Amino acid sequence: MSSTVYLNGEFVPHERALISVEDRAFLFADGIYEVVRVYGGRPFDLEPHLARLSRSAGELRLPEPDGEHLAAVTRELIRRNGLDEGTVYFQITRGVHAPRAHAFPTGTAAPTVVVLTHPLSPEALAAGEQHRREGVAAITVPEQRWARCDIKSVSLLPNVLAKQQAVERGAYEALFVRDGFVIEGSSSNLFAVLDGEIVTYPACNYILNGIARQRVIRNARELGYTVREQGIPLGALDRCQELFLTSTTSEVMPIVAVDGKPVGSGAVGPVARALQAAYRDAVRALR
Ligand SMILES: Cc1ncc(COP(=O)(O)O)c(C=O)c1O
């Protein structure tokens, strides 16, 4: 059965959810997005995701999205598509612009607004569980992105190329290195346990301030850990007790090897385990 997609104010079958070849997201990657995880038919952390969408829109001078309307659309799509475990994807672009020109369109161009759902298969869910249980490998790559990584823009080519490199080297994630610091993954934030403290790059223009990152920092502090928002030097990786990623879809994902070298003992550590449990408690509280 075809799923339903929300496109510019209408609920339409997936095969009829078509956008123009002159949409500015297609021409210039001129748009923003969000991904929200749905557990047991309920969206998780929808409010902060929609708040970040609104912030991204403001930073790119796109019209302010209607958060209440998008929340209602989310619930309606979950209902219509019978979504139990999966994700909701939001994308807003600067709309159709012909003839093609870099500067913003003047006059009546309306943004393109798309919301769609993707179910997670039992196999994908099981693979995620296994990765979280056993830990994953990562590689480091030089930073090649722009200096506004705090905006969740669909301009993701360096992230795509980095992730592909990771896949080709049998790794789960590529970690960007900027000015000698390992700052975040291609689609995740990075945490280290160094000298018994949790360290993660500060929320600034060089990283996306992940919604999972913010939740995990709160959880860690509630559990009594010291969390320092500062850079993780590339040269300190070999003395980290633990490393882990966070993201909406990966949750708390332990890294047990970087560039082929074990992290700490080479096994998932106690801090990642405690933070995985705290994250899962919050998910369970949704029900
Ligand atoms: C570059 C980057 N950093 C971090 C994240 C994690 O963000 P969140 O926790 O909101 O999923 C993402 C998610 O897509 C990302 O693309």
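Each remark here, short or long, concerns the structure printed above.
Residues numbered from 1 in each chain as written. Predicted model: local features only at pLDDT ≥ 70, side-chain atom pairs only at ≥ 80, totals over all residues. Heavy atoms only, no water.

Novice: How should the pattern of salt bridges be read in this particular structure?
Specialist: Side chains that differ in sign of charge can pair as their charged atoms come close. A complete count under the given rule lists 23 salt bridges for this structure. Notably, a salt bridge pairs D30 with R24, separated by 2.7 Å at the nearest N-O pair. A salt bridge links D150 to R148; the shortest N-O distance between them is 2.8 Å. Overall, the relative accessible area of 28% leaves R148 in the partly exposed class. (Salt bridge = Lys/Arg side-chain N within 4 Å of Asp/Glu carboxyl O. Buried < 20%, exposed > 50% of the residue type's maximum accessible area, 1.4 Å probe, protein only.)

Novice: What is the right way to look at the site of the ligand in this model?
Specialist: Taken together, 18 residues sit near the ligand, with R52, K152, E184, I211 and T248 positioned nearest. Within the side chain of E184, a nitrogen or oxygen atom sits 2.7 Å from a nitrogen atom of the ligand. With respect to the ligand, the backbone of A212 contributes an N or O atom lying 3.0 Å from an oxygen atom. Elements supplying a minimum of two residues to the shell around the ligand: α2 (46-59), β9 (181-185) and α6 (211-222). Taken domain by domain, the makeup of the shell around the ligand includes at least three residues from each of domain 1 (4-120) and domain 2 (126-284). (Near = heavy atom within 4 Å. Polar contact = N/O pair within 3.5 Å; in protein donor to acceptor, adjacent residues only side chain to side chain. Helix = DSSP H or I, 4+ residues; strand = E, 2+ residues; numbered from the N terminus. Domains from an automatic or database assignment.)

Novice: I tried to follow the nonpolar core on my own but got confused; where do I start?
Specialist: It is characteristic of soluble globular proteins that their nonpolar side chains tend to be buried jointly. Ranked by size, the top nonpolar core spans 22 residues in total, and within it I32, L50, L53, L70, V88, F90 and V115 carry the most contacts. Put simply, the parts of the chain that give this core at least two residues each are β3 (31-39), α2, α3 (67-80), β5 (86-93) and β6 (112-119). Of all the elements, α3 adds the most residues to this core, at five residues. Core analysis: the second largest hydrophobic core is formed by 20 residues, Y39, V252, V256 and V283 among them. (Core = buried A, V, L, I, M, F, W, Y, C linked by side-chain atoms within 4.5 Å.)

Novice: Hey, could you run me through unusual backbone geometry in this one?
Specialist: Most peptide bonds are trans, and most residues other than glycine sit at a negative phi. Geometrically, the link from A98 to P99 is a cis peptide bond, its omega value of -10° lying close to zero. Its location among the elements puts P99 in the loop between β5 and β6. A positive phi angle, close to 50°, is found at D195, a residue other than glycine. Along the chain, D195 falls in the loop between β10 (189-194) and β11 (197-200). Overall, D195 belongs to the exposed group, its relative accessible area being 60%. Not every positive phi belongs to a glycine, and D259 is a case in point at roughly 50°.

Novice: Explain the sheet that holds β3 to me, please; I cannot follow it from the model alone.
Specialist: In any sheet, the strands associate via hydrogen bonds between backbone groups, in a parallel or an antiparallel arrangement. As summarised here, the arrangement of the six strands in space is β2-β1-β6-β5-β3-β4, forming an open sheet in which the pairing is antiparallel. The open sheet has two free edges, formed respectively by β2 (10-13) and β4 (42-43), since each of these has just one partner strand. In this sheet, β6 lies alongside strand β1 (residues 4-7) in antiparallel orientation, the contact comprising two bridges. Across the sheet, residue Y6 finds its bridge partner in β6, namely V115. (Pairing = 2+ DSSP bridges.)

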